[in-house]
Amino acid sequence: MQRRNLFKYLGASALGLSTSGSILKAMEKEYTGSLAFLKELSGLKDDDFWAGIRSAYSVNPTMINLNNGGVAPSPRVVQEALDYYNRMCNDGPSYYMWRVLDGGREPMRKNMAEIAGCDMEELAFNRNSSEALETIIFGLRLNKGDEVVLTKQDYPNMINAWKQREKRDGIVLKWINFDFPIEDKKKIIDAFSAQFTPRTKVVHITHAINWNGQLLPAREIADVARKNGIEVLVDAAHSFAHFPYKIKDLNCDYFGTSLHKWLSAPIGSGLLYVRKEKIKNLYPLLASADSESTDIRKFESLGTRSLAIEQAIANAIDFYRMIGPERKFDRLFELKTYWTNKVIQHPKVKITSPLSKEFSGAIANVSVLGKKPNELADFIYNDNRIHSVAINWENINSVRITPNVYTSLNDLDKLVESILKLADTKD
Ligand SMILES: Cc1ncc(COP(=O)(O)O)c(C=O)c1O
């Protein structure tokens, strides 16, 4: 049944795909076995459910990965789908890529639109947030003197793209420098509004700050901006499939995200959203036959690329749906709260991220008095093989800890043990 569904989904059975070689058949068997496992898993309750989710991942037994913010691993079912599609493509690349897997894109766009909360005609697939966001940054029609509002805490690739436009086109960048964490919506909204002038054309909002997980009130900033005729771009690399919201909730014009972060899709997958009426005037980064087309697919003229990666996004969507957006967010928040509560009372430990549900999710940063971020990151790695990342960016200097749905409480107990051990060390 699962197998028939798979082929129906890919539109492939009529093309004789099921007569492929034995390796392909073995991979298909493994893959459909995982699908059946997930179906059973979805009915389990809390502790059993999360233990099941952990076993749905190929968790590395030699290291505790608490840098899921950089890029997330895919659950096994997604890895198997990717391997399977890839093997299929190599049985006859142009045939399987362009006559078989290509057929999966439109059903996948529809499924993606359902979880993203927008029209499927507003979504284009690509390879990562940088590609999605630079499509917007370089595709917008801006003239010399036009102003763009952004922050010093935005992502470097995006800052660099705007700086390139500043140099090339003479646009003017208006910077905000936040002192995070901030758990006051008005303060954040006011900081953006204060930069808006009659020459402001675009506001760049990083929805969840990658450096420390701080969530910004994107909707409220967008409301003020749009009232003033300013276009709104949201960098959702860290918020999509992490926080339970729909793109339409944000009232933005443009939105880009990576799918290899919180959706756990294969590495090298991304998504671009463009509000329907804005598609025509946004130039694609890689030209298509009609750059002024109103068809969102003009942003998908990306040349030859891995359609196995692209197609396995569909499996990540299914996995995400199986958990459910609210249930996932609640678990991530619970994991973050679990470890931060155990270290926050120590006089030498400081949490440098917001901790409320309104402003944070899975991510929290930590520092130990008298220790540099890389000293703390090295210590927890050497002590308990915990992989994290030391952040040294603008005014943010601490270690970022990012669990994911497969992280166990036992993993976090080890983290707590290592942080407290360093904090208790006599200098
Ligand atoms: C806020 C933010 N924007 C953009 C990006 C770029 O993502 P990618 O490297 O997948 O293009 C990242 C990556 O960490 C990010 O955190």
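Position labels on residues start from 1 in each chain and follow its written sequence. Under the rules for a predicted model, residues below a pLDDT of 70 receive no local features and side-chain atom pairs below 80 are neither given nor counted, while totals for whole chains, interfaces and linings still include all residues. Here the side-chain values reflect all heavy atoms present in the structure, with hydrogen atoms and water set aside.

Visitor: I keep staring at the domain arrangement of the protein chain and nothing clicks. Help me out?
Guide: When the parts come together, some accessible area is lost, and that loss is often what is quoted as the size of the interface. Domain start and end points were adopted from an automatic or database domain assignment. We note that the domain assignment places domain 1 (2–103), domain 2 (105–318) and domain 3 (326–424) within the protein chain. Here the C-alpha centroids of domain 1 and domain 3 sit 32 Å apart. Whether two residues are in contact is decided by their heavy atoms, any of which lying within 4.5 Å being enough. On the domain 3 side, the residues contacting the 20 residues of domain 1 number 23 residues. In this assembly, domain 1 packs against domain 3 so that about 1900 Å² is buried in total across both faces, 56% of it on carbon and sulfur atoms. Values labelled buried area give the accessible surface lost by two parts on being combined, using a 1.4 Å probe and summing over both. Of all residues in domain 1, Trp50, Ile64 and Leu66 bury the most surface against domain 3, accounting for 42% of the area lost on that side.

Visitor: In this structure, what is going on with the site of the ligand? I would like to understand it.
Guide: Near is defined per residue: the residue qualifies when any heavy atom it owns lies within 4 Å of the molecule or strand. The immediate surroundings of the ligand are formed by 13 residues, with Ser130, Asp235, Ser258, His260 and Lys261 found nearest. Considered on its own, the ligand offers 390 Å² of accessible surface; in the complex 88% of this is hidden by protein. Only Asp, Glu, Lys and Arg are considered charged, only Ala, Val, Leu, Ile, Met, Phe, Trp, Tyr, Cys and Pro nonpolar, and every remaining residue, Gly among them, polar. Here the shell around the ligand is composed, by residue class, of three nonpolar, eight polar and two charged. For accessible areas, the Shrake-Rupley method is used with a probe of radius 1.4 Å. Any residue's cover is judged against the shown protein chains and nothing else.

Visitor: Help me understand the pairing of strand β10 (residues 364–368), please; the structure alone is not making it clear to me.
Guide: Consecutive residues of a regular strand have side chains that alternate between opposite faces of the sheet. For every residue, the accessible area obtained with a 1.4 Å probe (protein chains only) is divided by the maximum for its type, and the residue is called buried under 20%, exposed over 50%, and partly exposed between those limits. Think of it this way: any DSSP run of H or I at least four residues long counts as a helix, any run of E at least two long counts as a strand, and we number them from the N terminus. Burial of β10 is extensive: five of the five residues sit out of reach of the surface. Pairing geometry for strand β9 (residues 349–351) and β10, over three bridges, is antiparallel. Each residue of the ladder has a partner; that of lysine 350, found in β10, is serine 367. Bridge count between β10 and strand β13 (residues 396–401): three bridges; the pairing is antiparallel. Its bridge partner lying in β13, alanine 364 is registered against isoleucine 401. Between any two strands, at least two bridges found by DSSP are needed for them to pair.

Visitor: Help me out: how do you make sense of unusual backbone geometry in this one?
Guide: For residues besides glycine, phi is generally negative; the peptide bonds are generally trans as well. Omega for the bond connecting phenylalanine 180 with proline 181 falls within 30 degrees of zero, at 5°, which places this linkage in the cis form. Within the element layout of this structure, proline 181 appears in the loop between β4 (172–176) and α9 (185–193). Even without being a glycine, alanine 241 presents a positive backbone phi close to 65°. Position of alanine 241 relative to the elements: it lies in the loop between β6 (231–235) and β7 (254–258). Unusually for a residue other than glycine, asparagine 251 sits at a positive phi of about 60°.

Visitor: How should I be thinking about the state of the cysteines in this particular structure?
Guide: Between two cysteines, a covalent bond joining their sulfur atoms is known as a disulfide. Here, two cysteine sulfur atoms that lie within 2.5 Å of each other are counted as a disulfide. For the coordinates displayed, the defined rule picks out zero disulfides. In this model cysteine 118 remains outside any disulfide bridge; the closest cysteine sulfur is found in cysteine 252, 9.2 Å from its own. On the accessibility criterion, cysteine 118 (13% relative accessible area) is buried.

Visitor: Just to check I follow, could you spell out the packing of α9 against helix α10 (residues 218–227) for this structure?
Guide: Helix-helix packing: each pair is described by the crossing angle between the helix axes and the interaxial distance. Lines fitted to the C-alpha atoms define the axes, with helices restricted to the stretch that makes contact. Angles between their N-to-C directions range from 0 to 180 degrees. Close contact between α9 and α10 brings their axes to 10 Å; oriented N to C, the two are set at 35°. In the packing of α9 onto α10, the handedness of the crossing is right-handed. Taking contact as the criterion, the partners of Lys185, Ile188, Ile189, Phe192 and Ser193 in α9 are, on α10, Glu220, Ile221 and Val224. Its residues placed into classes, the contact of α9 with α10 shows five nonpolar, one polar and two charged. Here a crossing is called left-handed whenever its near helix is offset anticlockwise from the far helix by less than a right angle, and right-handed whenever the offset is clockwise.

Visitor: Any chance you could explain the environment of glutamate 417 here in plain terms?
Guide: Mapped onto the elements of the fold, glutamate 417 is located in helix α15 (residues 409–424). For glutamate 417 and tryptophan 339, which are 78 residues apart along the polypeptide, the C-alpha to C-alpha distance reads 9.9 Å. Leave out the neighbours within four places in its chain, and glutamate 417 touches Asp383 and Asn384.

Visitor: Quick question: what am I supposed to make of the pattern of salt bridges here?
Guide: Two side chains carrying opposite charge are able to pair once their charged atoms lie near each other. By definition here, a salt bridge exists when the distance from a side-chain nitrogen of Lys or Arg to a carboxyl oxygen of Asp or Glu is within 4 Å. Counting across every chain of the model gives 29 salt bridges. For arginine 105, the salt bridge identified is with aspartate 102, shortest N-O distance 2.8 Å. On the accessibility criterion, arginine 105 (11% relative accessible area) is buried. For aspartate 253, the salt bridge is made with arginine 275, and the minimal N-O distance between the two is 2.9 Å. Within this pair, whereas aspartate 253 is found in the loop between β6 and β7, its partner arginine 275 is found in the loop between β8 (270–274) and α11 (307–311), the two being separated by 22 residues in sequence.

Visitor: How should the sheet that holds β13 be read in this particular structure?
Guide: For sheets, the rule is that strands pair by backbone hydrogen bonds, running either parallel or antiparallel. On the basis of which strands lie adjacent, the open sheet formed by four strands has the order β9-β10-β13-β12 and antiparallel pairing. Single-partner strands in this sheet number two, and they are β9 and β12 (389–393). The sheet shows a mean angle of 35° between the axes of neighbouring strands, direction not considered. Packed on one face of the sheet, helix α14 (residues 373–384) meets β10, β12 and β13 and runs near 20° to β13.

Visitor: Before we go on, may I ask you to explain the nonpolar core in this structure?
Guide: One recurring pattern in soluble globular proteins: nonpolar side chains tend to sit buried together. Residues belong to one nonpolar core when they are buried, are Ala, Val, Leu, Ile, Met, Phe, Trp, Tyr or Cys, and are joined through side-chain atoms within 4.5 Å. Counting 89 residues, the largest nonpolar core has Ile53, Met112, Phe192, Val203, Phe240, Phe255 and Leu263 as the members making the most contacts within it. Top element by residues in this core is helix α12 (residues 313–323). It accounts for eight residues. Not counting chain neighbours up to four residues away, the residues in contact with valine 203 comprise Val149, Phe192, Phe196, Ile221, Ala225, Ile230, Glu231, Val232 and Leu233. In this structure, Ile136, Ile137, Ala161 and Tyr254 belong to the second largest nonpolar core, which totals 23 residues.

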